[in-house]
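In case you want the letters, here they are:
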Amino acid sequence: MNEIVTERPHLFEPNVYIAVCVEMVGKVCPEKLVAAAEKAFEANEATMSKIVLEHGLAYYEKTPESCCKIEIVKENSNWIKLVSQNEKKPFAIDKGELVRVFIIPSEGKHPDYNYGTSFSR
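Conventions we followed
- Residues numbered from 1 in each chain as written.
- Predicted model: local features only at pLDDT ≥ 70, side-chain atom pairs only at ≥ 80, totals over all residues.
- Heavy atoms only, no water.
- pLDDT = per-residue confidence, 0-100.
- Helix = DSSP H or I, 4+ residues; strand = E, 2+ residues; numbered from the N terminus.
- Salt bridge = Lys/Arg side-chain N within 4 Å of Asp/Glu carboxyl O.
- Buried < 20%, exposed > 50% of the residue type's maximum accessible area, 1.4 Å probe, protein only.
- Pairing = 2+ DSSP bridges.
- Patch = residues over 30% accessible without salt bridge, like charges linked within 9 Å, V, L, I, M, F, W, Y side chains within 5 Å.
- Areas by Shrake-Rupley, 256 points an atom, 1.4 Å probe, with all protein chains shown as cover.
- Polar contact = N/O pair within 3.5 Å; in protein donor to acceptor, adjacent residues only side chain to side chain.
- Contact = heavy atoms within 4.5 Å.

1. Here we look at the confidence of the model for the protein chain
- Looking at the protein chain, the pLDDT average stands at 78 and 74% of residues meet or exceed 70.
- In the model of the protein chain, strand β7 (residues 118-120) stands out as the element of lowest mean pLDDT, 36, in contrast to helix α1 (residues 30-42), which has the highest, 91.

2. Side note on the pattern of salt bridges
- Under the defined criterion, the tally for this structure stands at four salt bridges.
- As a salt-bridge pair, E71 and K69 come within 3.2 Å of each other at their nearest N and O atoms.
- Judged by relative accessible area, K69 falls into the partly exposed class, the value being 28%.
- Where R100 meets E97, a salt bridge forms, and the shortest distance between an N and an O atom there is 2.7 Å.
- Residue R100 is classed as buried on the basis of its relative accessible area, which comes to 14%.

3. Points about the pairing of strand β3 (residues 49-54)
- Pairing of β3 with strand β4 (residues 57-62) involves six bridges; the strand directions are antiparallel. The residue of β4 that forms the bridge with S49 is K62.
- The antiparallel pairing of β3 with β4 creates a hairpin that spans two residues between the two strands, and H55 there sits at a positive phi of about 55°.

4. Describing a nonpolar patch on the surface
- Together, I18, V20, V22, M24 and V28 give the surface a local cluster of nonpolar side chains, amounting to about 500 Å² of exposed area.
- Residue position: V28 is located in the loop between β2 (18-20) and α1.

5. Observations concerning the side chain of R100
- Take R100: it is sitting in strand β6 (residues 100-103).
- Within the local environment of R100, its side chain forms a polar contact with the backbone oxygen of P90, the two atoms lying 3.0 Å apart.
- A distance of 2.7 Å separates polar atoms of two side chains, one belonging to R100 and the other to E97.
- Dropping the residues within four chain positions of it, R100 is found in contact with Y17, K69, N86, K89, P90 and F91.

Here it is, written out as structure tokens:
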């Protein structure tokens, strides 16, 4: 286990929430995006870990599989509303949910995209 020192003040901070919206042009298979995200999670030490809290200390502990969430949502969903709804839900850090990925299929330009594609709160 690796002790968490620098990120400790942010473990339970509900205002630390970063969302990034990426538009992919062309024919993209949502299931292949899920598989790619899962493969990326498997290759990253942080997304293959959970956070353990004991005796006032916080540690990363490796998990056999990633518990980060990947979900294909309804076509043409409003990504800003999706972020707003999810920022109210705490991450299950003790189970390894450290990242959430939402895939929103759309045909052509999504009406809710703007050119400032990253959103942070």
